[in-house]
Amino acid sequence: MKLLVIGSGGREHALAWKLIQSPRVEKVFVAPGNAGMTYEYGVENIAISTIPALVYFAQSHKIAFTIVGPELSLADGIVDAFLDAGLKIFGPSRKAARLETSKSFAKNFMQRHNIPTAVYDTFTDAHAAHQYIEQRGAPIVIKAAGLAAGKGVIVAPSLEKAHNAVDQILVTRLFGEAGAEVIIEEFLQGIEVSFIVMCDGQHVLPLATSQDHKRLHDGNTGPNTGGMGAYSPTPFISPGLHAQILREVIYPAVQGMAQEGVPYIGFLYAGLMITPDNQIKVLEFNCRMGDPETQPILMRLKSDLSALIEQALNGALDQTETDWDRRVALSVVMAAGGYPDNPQKGDAITGLTDLMTRQNATDDFHIFHSGTALNSNDQRQFVTAGGRVLCVTALGDNLKLAQQHAYTLAKQIHYNNSYMRHDIGHTGIEFIHKP
């Protein structure tokens, strides 16, 4: 069968890479894809971006089903359009995707269904927001209510920074229309983890646990980014905590959407804070797999991903199980100089092609492309073309070995002003080895 993946980043590269491994899949098209995907056997990029053109492509090429990667496509209603055309697609409808596309909807939804989250209020008026900040004090968290490519969250350690954040979002519109409304919520302390499941509208299938690293610099400092690295599984989620997350967060969310007449079908991502007393608070819902969490999770998945998605589309996830590699997978994001605000583009990348040749002969690492292109004058030369350029993903018998493996590989890739964190996985390693 032939499949279609929507998107162009590292998450979509990992999805296509995993889907084509199935003996049942003869071709995976990716719209629009990226330069790295063209080197995957059986994967083909298609330069199509509009929803009507994608619907026509899926019809004319007899696509068995489509998987949606990025949130913007969901917000634009791609799922609704495909379903209206009688096409199978794995992802939530525009209404269901409000769990991500509208933070105010998500917070109110969690309140309605008793899903634990931070104390909050919403504002469209800057003066009222400033008054609320004075009442609550700092540290405090300011969020653009709409989609901001993972960068719309500002953790303000002081009142001055909190007030500046409100003015940036509501007054100067740093995030455009995504900042027409702000959420101001209490600052939570603890360990942040990612919990991703597949949903069929009624049942859920948990994927392997993971931990993302959103801050730009080592030690979890600097601005929030789309994500600088991740690993799977995370030691912070014990079997008991896993059951608690399903009971207090995932099941109420899926059941709540169904009760409100908006069945949720697709990947559901819960960004969670585990507090020092082992309480769970939802920081955010995403309506797709995370990036870069997808890369280490799929690196460990031994089950046929296409079969899992078919089960979900058939409403049969309660009859489905997953098989996982016992090893740990860790991903290091290599970013362009100037990321996240002004990433450099067009710089030649060296060392990458050699690693990509080697990865075809082993199963313990893979280089997933996010922001790369081919030099117009030399189709064998990769150049930087985005903020997050590559996601170097490696397996190891434990977290420390996976970390060492990934960094050994990443240090063999070079381009002008390349940037990466050097401590991905550090909190997990400290937790495992604490006295």
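Worth saying up front: this structure is predicted, and the values here are computed from it rather than measured. (Residues numbered from 1 in each chain as written. Predicted model: local features only at pLDDT ≥ 70, side-chain atom pairs only at ≥ 80, totals over all residues. Heavy atoms only, no water.)

Draft legend 1. The overall build of the protein chain, seen in detail. What the protein chain contains, in helices and strands, is 14 helices and 22 strands. For 435 residues, the compact-globule estimate of 2.2 N^0.38 gives 22 Å, and the protein chain sits close to it at 21 Å. With respect to the three principal axes, the spread of C-alpha positions in the protein chain is 60 × 45 × 45 Å. For the protein chain, with 435 residues in total, the buried portion stands at 58%. The contacts in the protein chain between residues at least 6 apart in sequence include a share of 69% that link residues at least 24 apart. (Helix = DSSP H or I, 4+ residues; strand = E, 2+ residues; numbered from the N terminus. Rg over C-alpha atoms; globule rule 2.2 N^0.38 Å. Buried < 20%, exposed > 50% of the residue type's maximum accessible area, 1.4 Å probe, protein only. Contact = heavy atoms within 4.5 Å.)

Draft legend 2. Summary view of the pattern of salt bridges. A complete count under the given rule lists 16 salt bridges for this structure. The partner of Lys-107 in a salt bridge is Glu-185, and the shortest N-O contact between them spans 2.7 Å. With Lys-107 in helix H6 (residues 103-112) and Glu-185 in strand E9 (residues 182-186), this pair connects stretches of sequence that are 78 residues apart. Among the residues examined, Lys-107 registers a relative accessible area of 3% and is labelled buried. Since its relative accessible area comes to 3%, Glu-185 is described here as buried. Through salt bridges that share partners, Glu-71, Glu-100 and Arg-288 make up one connected network. (Salt bridge = Lys/Arg side-chain N within 4 Å of Asp/Glu carboxyl O.)

Draft legend 3. The arrangement of the pairing of strand E4 (residues 63-68) in detail. Of all six residues in E4, five are buried, a share of seventy percent or more. As judged from the five bridges shared by strand E1 (residues 2-7) and E4, these two strands associate in the parallel manner. Across the sheet, Leu-4 pairs through a bridge with Thr-66, a residue of E4. Sheet analysis places E4 next to strand E5 (residues 89-90), joined by two bridges and oriented parallel. Its bridge partner being in E5, Thr-66 is matched across the sheet by Ile-89. (Pairing = 2+ DSSP bridges.)

Draft legend 4. Quick peek at the environment of Leu-374. With respect to the helices, strands and loops of the structure, Leu-374 is situated in strand E20 (residues 372-375). Through-space distance from the C-alpha of Leu-374 to that of Gly-36 is 8.8 Å; in sequence the pair is 338 residues apart. Setting aside residues no more than four positions away along its own chain, Leu-374 makes contact with Ala-35, Tyr-39, Gln-379, Gln-381, Phe-382 and Val-383.

Draft legend 5. The packing of helix H7 (residues 126-136) against helix H8 (residues 159-171), seen in detail. For the pair H7 and H8, the least separation of the axes is 10 Å and the interaxial angle reads 160 degrees. Taken together, the axes of H7 and H8 are roughly antiparallel relative to one another. By crossing handedness, the relation of H7 to H8 is classed as right-handed. Between H7 and H8, the residues in contact are Ala-126, Ala-129, His-130, Ile-133 and Glu-134 and Leu-159, Ala-162, His-163, Val-166, Asp-167, Leu-170 and Val-171, respectively. (Axes fitted to C-alpha atoms, helices over the stretch in contact; angles between N-to-C directions. Parallel < 35°, antiparallel > 145°, perpendicular 65-115°, else oblique. Left-handed = near helix turned anticlockwise from the far one by under 90°.)

Draft legend 6. Seen up close, the packing of aromatic side chains. Going through the model one piece at a time under the given rule, you end up with seven aromatic pairs. With a centroid separation of 5.3 Å and an interplanar angle of 50 degrees, the aromatic rings of Tyr-39 and Phe-382 are classed as tilted. Here Phe-382 lies in strand E21 (residues 378-384) and Tyr-39 lies in the loop between strand E2 (27-32) and strand E3 (43-45), a separation of 343 residues in the sequence. Of the residues examined, Phe-382 reaches a relative accessible area of 1% and is grouped as buried. (Phe/Tyr/Trp six-rings, centres within 6.5 Å; stacked < 30°, edge-to-face > 60°.)

Draft legend 7. Region of the structure containing the nonpolar core. Among the nonpolar cores identified, the biggest contains 81 residues, and Leu-99 and Val-249 are the most heavily contacted of them. Considering every element that reaches this core, the biggest residue donor is helix H9 (residues 239-259), with eight residues. Residues within four places of Leu-99 in sequence aside, it is in contact with Phe-105, Ala-106, Phe-109, Met-257, Tyr-264, Leu-268, Phe-285 and Cys-287. In terms of nonpolar packing, the next biggest core, distinct from the first, is built from 37 residues, Val-5, Met-198, Met-289 and Leu-301 among them. (Core = buried A, V, L, I, M, F, W, Y, C linked by side-chain atoms within 4.5 Å.)

Draft legend 8. Fine view of the state of the cysteines. Overall, the coordinates contain zero disulfides when judged by the stated rule. Cys-287 provides the cysteine sulfur closest to Cys-199, a residue in no disulfide bond, and the two sulfurs are 9.3 Å apart. A residue is classified by how much of its surface remains accessible, and Cys-199, at 0% relative accessible area, is buried. (Disulfide = S-S within 2.5 Å.)

Draft legend 9. Highlighting the side chain of Asp-291. Tracing the backbone shows Asp-291 in the loop between strand E17 (280-286) and helix H10 (294-300). Using a relative accessible area of 12% as the deciding quantity, one classes Asp-291 as buried. Within polar-contact distance, the side chain of Asp-291 engages the backbone nitrogen of Arg-11 at 3.2 Å. (Polar contact = N/O pair within 3.5 Å; in protein donor to acceptor, adjacent residues only side chain to side chain.)

Draft legend 10. Region of interest: the pairing of strand E7 (residues 140-144). Here E7 lies mainly inside the structure; five of its five residues are buried. Burial along E7 is two-sided: the residues Ile-140, Ile-142 and Ala-144 and Val-141 and Lys-143 are all buried. In this structure, E7 lies alongside strand E8 (residues 153-156), joined through four bridges in antiparallel fashion. Its bridge partner being in E8, Ile-142 is matched across the sheet by Ile-154.

Draft legend 11. Up close: H8. Taking 1.5 Å per residue, 13 residues should reach 18 Å; H8 reaches 17 Å between its end C-alpha atoms and fits that length. Summarising the contacts, the buried residues of H8 are in contact with strand E6 (120-123), H7, E7, E8 and E9. Positive phi shows up at Arg-173, right after H8, with a value of about 55 degrees. (Expected span 1.5 Å × (residues − 1).)

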